Amino acid sequence: MDQAHETSVETPAAAPPRIVVGGVLIRSGQVLAARRSAPAAVAGRWEFPGGKAEPGETEAQALERELREELGVRARALRRLPGGWAVRPGLELRFWAAELLAGEPSPLQDHDELRWLAPAELDSVDWIGHDREVLPHVVELLAAADDAQAAG
């Protein structure tokens, strides 16, 4: 067959991944960590709370909704932290810095314990892998919060 008669078959582009947002909630130089109660594979390990974005929802909107549902607080998403982690095929985890606007966090869904951790305490809990990988950015956020508090 000569080149003039060859046909090419277009392969469909892969669907964009569904986004999962994790909230790095900072208060008074500490960050909130949440211990998973389920599923069994991660129960007892620690993470930054959050969840899946719904269709039509921005990442910031998803984070604010998830923190309200999981912790019973009103929070504002501030900015996305660098990086993205494949949780499983078709699902990508992204972390966002967030500030607490109203309420005291309580473990309402998916968690059985919450802790506010200072920078020196970040290694005191058994983080889920992706959440551990974002800790260098969390340390930077905590340092910036400390600097702002000292200046203000």
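First, a word on what this report is: a plain description of the structure on this page. (Residues numbered from 1 in each chain as written. Predicted model: local features only at pLDDT ≥ 70, side-chain atom pairs only at ≥ 80, totals over all residues. Heavy atoms only, no water.)

Digging into the environment of glycine 22
Note the following rule: Strands here are runs of E lasting at least two residues and helices are runs of H or I lasting at least four, both read from the DSSP assignment and numbered beginning at the N terminus. We call two residues in contact when some of their heavy atoms are within 4.5 Å.
Mapped onto the secondary structure, glycine 22 falls in strand β1 (residues 18-27). For the pair glycine 22 and arginine 80, spaced 58 residues apart in sequence, the C-alpha to C-alpha distance is 9.7 Å. Filtering out sequence-adjacent residues up to four positions away, glycine 22 remains in contact with Phe48, Pro49, Gly50, Leu63, Leu93, Arg94, Phe95 and Trp96.

Focus on the pairing of strand β2 (residues 30-36)
Just so we agree on the cut-off: Under the scheme applied here, a residue whose accessible area is under 20% of the maximum for its type counts as buried, over 50% as exposed, and between as partly exposed, the area being computed with a 1.4 Å probe on protein chains only. Each pair of strands is called paired provided DSSP finds at least two bridges between the two strands.
Within β2, 5 of the 7 residues are buried, which leaves the element mostly enclosed by the surrounding structure. Examined bridge by bridge, β1 and β2 share 2 bridges and lie antiparallel to one another. Its bridge partner lying in β2, isoleucine 26 is registered against valine 31. Relative to strand β8 (residues 111-117), β2 is paired through 6 bridges, and the arrangement is antiparallel. Residue pairing in the sheet places arginine 36 in a bridge with histidine 111 of β8. Bridge count for β2 against strand β3 (residues 46-47) is 2 bridges, and the pairing is antiparallel. Each bridged residue has a counterpart across the sheet, and for alanine 34 the counterpart in β3 is glutamate 47.

A short note on the pattern of salt bridges
Cut-off, in case you're wondering: Think of a salt bridge as a Lys or Arg side-chain nitrogen and an Asp or Glu carboxyl oxygen that are within 4 Å of each other.
Counted under the stated rule, the structure contains 14 salt bridges. Arginine 76 serves as the salt-bridge partner of glutamate 99, at 2.4 Å between the closest nitrogen and oxygen. Taken together, the positions of glutamate 99 in strand β7 (residues 91-102) and arginine 76 in strand β5 (residues 74-80) put the pair 23 residues apart, joining distant regions of the chain. Its relative accessible area of 26% is what places glutamate 99 among the partly exposed residues. The class for arginine 76 is partly exposed, based on a relative accessible area of 39%. One connected set of salt bridges, linked through shared partners, spans Arg35, Asp112, Glu113 and Arg115.

Focus: the nonpolar core
Generally speaking, a soluble globular protein has its nonpolar side chains buried in company with each other. What counts is decided by this rule: We define a nonpolar core as any set of buried Ala, Val, Leu, Ile, Met, Phe, Trp, Tyr and Cys residues linked to one another through side-chain atoms lying within 4.5 Å.
By size, the foremost hydrophobic cluster in this structure holds 22 residues, and its most contacted members are Val24, Val31, Phe48, Phe95, Leu122, Trp127 and Val138. Those elements giving two or more residues to this core turn out to be β1, β2, β7 and α3 (135-151). Not counting chain neighbours up to four residues away, the residues in contact with leucine 122 comprise Val31, Leu117, Trp127, Leu135, Val138, Val139 and Leu142. In this structure, Ala34, Ala53, Ala98 and Leu114 belong to the second largest nonpolar core, which totals 18 residues.

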